[in-house]
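Chain by chain, the residues:
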Amino acid sequence: MKTKTLALTHVDTSFAGIALTALAGLMLLLIAGFAQASVLHDGAHDTRHAIAFPCH
Amino acid sequence: MTARTTPVTQSHSPATRHMTRHLLTSGLFAGLAAGLVAALLQFWLITPLLLEGELYESGIRTHFAASLNAPVQSPAGPAEGLTQNLSRHAMTAGFDMVAYTAFALILLAGMALAERFGHPLTVRSGLIWGICGFITMHLAPAIGLPPELPGSVAAEVELRQAWWLGTAVVTAIGLGLIAFGSGALPLIGVAALALPHIIGAPHLDTYFGIAPPELAAEFASRSIGVAAASWVALGGLGAYFFTRNRES
């Protein structure tokens, strides 16, 4: 017998969904931390120093 | 066990799409909240030191050791202007939230992956995930490349970025092997943690410091402390958002 609660107390996320989430995170990380375009660099400058990304 | 496999193993089922959306929104909420925590701590503890460092970077102040003509001691004390230039600080807060949202999505992908392999997530284990994220993304890279005041002179930025990324990846793998591996795998994980530091970060063969070492040291330790607090918040919040409302 499956109750609704039992079915969803341990929910699996698809591997594709996990990969998509990780990829989205990596893209944002590149923008916030690594892209050298000067507009991005200037805006993110203080953040990069505080988070200790290699900045200059 | 049927409960685990029945509703969600078919790809593109409604439950699967729902879980992917839930994973993404949980990461977004946790990342924005932790980014706000990081921004507030940063304005309190880090930005004043950063602005003071810029006085030395721009030459408004000169460290006594850097010039024969400078006074015998360097002046200490905060720069003026913490409340000026609000657009700059607004950008900083915004990018803090972008960075922590990036961290959150990567961290939650790891949490969801661990759940797929039978390691249920709780808010308490989320705190440990947060500590491990801090070690991976901040502490381990900082061992080779300490957080730098503006104006610090260092090796080529591309080389440092490559070492930083490689260190983060290898450290994540190492911590994963220690946490979830069996047999000899945790030992291999320990070796992985040491590997980037055996290789060594790119460094110059001379020192160029233009700011007083006390200021640079305080900046580095506060950067690490703020990141530790923000990451623990991120781990707990990420686990909270990802595990709540699962009955619905």
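What comes next is a walk through the structure. (Residues numbered from 1 in each chain as written. Chains lettered and ligands numbered in written order. Predicted model: local features only at pLDDT ≥ 70, side-chain atom pairs only at ≥ 80, totals over all residues. Heavy atoms only, no water.)

**Side note on the packing of helix 2 (residues 14-57) of chain B against helix 7 (residues 213-243) of chain B**
Residue and element names in this part refer to chain B.
Consideration 1: Interaxial distance between helix 2 and helix 7 falls to 8 Å at its minimum, and their mutual angle equals 165°. For the element pair helix 2 / helix 7, the angle class is roughly antiparallel. In the packing of helix 2 onto helix 7, the handedness of the crossing is right-handed.
Consideration 2: When the residues that make up the contact of helix 2 with helix 7 are grouped by side-chain class, the tally is 22 nonpolar, 8 polar and 3 charged. (Axes fitted to C-alpha atoms, helices over the stretch in contact; angles between N-to-C directions. Helix = DSSP H or I, 4+ residues; strand = E, 2+ residues; numbered from the N terminus. Parallel < 35°, antiparallel > 145°, perpendicular 65-115°, else oblique. Left-handed = near helix turned anticlockwise from the far one by under 90°. Nonpolar A, V, L, I, M, F, W, Y, C, P; charged D, E, K, R; others polar.)

**Thoughts on helix 2 (residues 15-34) of chain A**
Consideration 1: Taking 1.5 Å per residue as the helical rise, helix 2 of chain A with its 20 residues ought to reach 28 Å, and the 27 Å between its terminal C-alpha atoms agrees with that figure.
Consideration 2: Looking only at helix 2 of chain A, the buried set comprises A:G17, A:I18, A:T21, A:G25, A:L29, A:A32, A:G33 and A:F34.
Consideration 3: Buried residues in helix 2 of chain A make contact with helix 3 (38-51) of chain A together with helix 2, helix 3 (86-116), helix 4 (123-144) and helix 5 (157-180) of chain B. (Expected span 1.5 Å × (residues − 1). Buried < 20%, exposed > 50% of the residue type's maximum accessible area, 1.4 Å probe, protein only. Contact = heavy atoms within 4.5 Å.)

**Focus on a nonpolar patch on the surface**
Consideration 1: On the surface, A:F15, B:L113 and B:F117 cluster together into a nonpolar patch covering about 320 Å² of accessible area.
Consideration 2: Following the sequence through the fold, B:L113 ends up in helix 3.
Consideration 3: Owing to a relative accessible area of 35%, B:L113 belongs among the partly exposed residues under this scheme. (Patch = residues over 30% accessible without salt bridge, like charges linked within 9 Å, V, L, I, M, F, W, Y side chains within 5 Å. Areas by Shrake-Rupley, 256 points an atom, 1.4 Å probe, with all protein chains shown as cover. Salt bridge = Lys/Arg side-chain N within 4 Å of Asp/Glu carboxyl O.)

**Considerations on the pattern of salt bridges**
Residues and elements named next belong to chain B.
Consideration 1: Counted according to the given criterion, the structure contains 5 salt bridges over all chains.
Consideration 2: Between R88 and E54 there is a salt bridge; the shortest N-O distance is 2.8 Å. Residue R88 is located in helix 3, and its partner E54 is located in helix 2; the two are separated by 34 residues in the primary sequence.
Consideration 3: Notably, a salt bridge pairs E218 with R222, separated by 2.9 Å at the nearest N-O pair.

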